[in-house]
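Remarks on the overall topology
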2 protein chains.
Amino acid sequence: MMKQVIIMRTDLKLSKGKTAAQACHASLESYKKADLQNIKTWEKEGVKKVILKVETEKELHELHSLVKQTSLPVSLIIDAGHTEIPSGTITCLGIGPGNDEEIDKITGHLKLLN
Amino acid sequence: MMKQVIIMRTDLKLSKGKTAAQACHASLESYKKADLQNIKTWEKEGVKKVILKVETEKELHELHSLVKQTSLPVSLIIDAGHTEIPSGTITCLGIGPGNDEEIDKITGHLKLLN
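Worth saying up front: this structure is predicted, and the values here are computed from it rather than measured. (Residues numbered from 1 in each chain as written. Chains lettered and ligands numbered in written order. Predicted model: local features only at pLDDT ≥ 70, side-chain atom pairs only at ≥ 80, totals over all residues. Heavy atoms only, no water.)

**Overview of the overall build of chain A**
- When its secondary structure is counted, chain A shows 4 helices and 5 strands.
- Starting at the N terminus and walking to the C terminus, you meet the elements of chain A as β-α-α-β-α-β-β-α-β.
- Over its C-alpha atoms, taken along the principal directions, chain A stretches across nearly 40 × 25 × 25 Å.
- Residue burial in chain A is summarised as follows: out of 114 residues, 53% are buried.
- Across chain A, the fraction of contacts at a sequence separation of at least 24, relative to all contacts at a separation of at least 6, is 75%.
- Of the roughly 5500 Å² of accessible surface on chain A, a fraction of 51% belongs to carbon and sulfur atoms. (Helix = DSSP H or I, 4+ residues; strand = E, 2+ residues; numbered from the N terminus. Buried < 20%, exposed > 50% of the residue type's maximum accessible area, 1.4 Å probe, protein only. Contact = heavy atoms within 4.5 Å. Areas by Shrake-Rupley, 256 points an atom, 1.4 Å probe, with all protein chains shown as cover.)

Below you can see the structure in the form of structure tokens.
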């Protein structure tokens, strides 16, 4: 199975709308870097997307470093800061679409964003 | 200016994570239908994404009908229902990337999702 994972910072206390907008940036930017064959498989399986959370920017950087050591597509999102938060704020990380188990090696310990 | 707009139903009372996942579906599916030249302009301008809200499924259908009368890319998202809501629930509508003013003719009266 394939999935895409978006990891959001909760310490920024973004609104639901702002959270969604940032997640969309991560989803799209990571998608654009994905392998075409993986995209096709992911689409056939139902474009699974999972939204996870971390509490700090540091955790996002650590996860980003780990993903960069793999061949998984990844996007670290830096907000332009028109609303809610200062420009240049790192808000979330998008990973995949990629293999479920490969992604879980890096993000399997994280909790769902509720 | 170009933008992409995602319109979420608030009556489903989705969590932040579920809202973000549904918005990502809408963003990506609408993106895939967009004209390449519009995508390039949108990217050059900073991939503006705006998250709006409606209170009912009926309003989403009405907006969807209006968008379908234009050449704007559009995606109505029907959730597979693995969590929180029954399978087949219509959760949101993605429009664009497309021209700001053309989109505003249809969605200009809607409020931001906070």
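Back to the write-up after that little detour.
**Brief notes about the sheet that holds strand β2 (residues 49–54) of chain B**
Residues and elements named next belong to chain B.
- Spatially, β3-β4-β1-β2-β5 is the arrangement adopted by the 5 strands of the open sheet, whose pairing is mixed. Among the strands making up the open sheet, the edge pair consists of β3 (74–78) and β5 (111–112).
- The pairing of β2 with β5 spans 2 bridges and is antiparallel. Across the sheet, residue Leu-52 finds its bridge partner in β5, namely Leu-112.
- Relative to the sheet, helix α1 (residues 16–32) contacts β1 (2–9), β2, β3 and β4 (90–99), its axis offset from that of β4 by approximately 40°.
- Strands in contact with helix α3 (residues 57–68) are β1, β2, β3 and β4; relative to β4, the strand with the most contacts, it is inclined by about 30°. (Pairing = 2+ DSSP bridges. Axes fitted to C-alpha atoms, helices over the stretch in contact; angles between N-to-C directions.)

**What about the relation of the copies chain B and chain A?**
- Take chain B, turn it by 180°, move it 0.0 Å along the axis, and it overlays chain A with an RMSD of 0.0 Å. Both copies are brought into coincidence by an operation consistent with a two-fold rotation axis. Of the C-alpha atoms belonging to chain B, the one lying closest to the rotation axis is found on Ala-20 of chain B, 2.1 Å away.
- Here 100% of the interface residues in chain B have copies in chain A that are interface residues too; the copies meet face to matching face. (Least-squares fit on C-alpha atoms with pLDDT ≥ 70 in both.)

**Let's talk about α1 of chain B**
- The terminal C-alpha atoms of α1 of chain B, which comprises 17 residues, lie 24 Å apart, in line with the 24 Å expected from a rise of 1.5 Å per residue.
- Across the 17 residues that make up α1 of chain B, a large majority, 14, are buried. (Expected span 1.5 Å × (residues − 1).)

**Considerations on the pattern of salt bridges**
- If you walk through the whole model with that rule in mind, you get 16 salt bridges over all chains.
- Residue Lys-32 of chain A is joined to Glu-43 of chain B by a salt bridge in which the shortest nitrogen-to-oxygen separation is 2.5 Å. Residue Lys-32 of chain A is found in helix α1 (residues 16–32), and its partner Glu-43 of chain B is found in helix α2 (residues 36–45); the two belong to separate chains.
- What emerges from the salt-bridge pattern is a single network uniting Lys-3, Asp-100 and Asp-104 of chain A. (Salt bridge = Lys/Arg side-chain N within 4 Å of Asp/Glu carboxyl O.)

**Quick look at the interface of chain B and chain A**
- Across the boundary between the two partners, chain B contributes 22 residues, which contact 22 residues of chain A.
- With both sides pooled, the region where chain B packs onto chain A buries about 2000 Å², and carbon together with sulfur makes up 70% of that total.
- It is Lys-16, Cys-24 and Leu-28 of chain B that lose the most area in chain B upon contact with chain A, and together they represent 29% of the buried surface on that side.
- Linking chain B with chain A are 2 salt bridges, by the criterion used here.
- Remark: the boundary between chain B and chain A carries 8 residue pairs in polar contact (both at pLDDT 80 or more).
- Only α1, α2 and β2 of chain B provide two or more residues apiece to the side of chain B that touches chain A.
- At 13 residues, the largest contribution of residues to the side of chain B that touches chain A is made by α1 of chain B.
- Here the residues of the side of chain B that touches chain A are counted per class, giving 11 nonpolar, 6 polar and 5 charged. (Buried area = accessible area lost by both parts, 1.4 Å probe. Polar contact = N/O pair within 3.5 Å; in protein donor to acceptor, adjacent residues only side chain to side chain. Nonpolar A, V, L, I, M, F, W, Y, C, P; charged D, E, K, R; others polar.)

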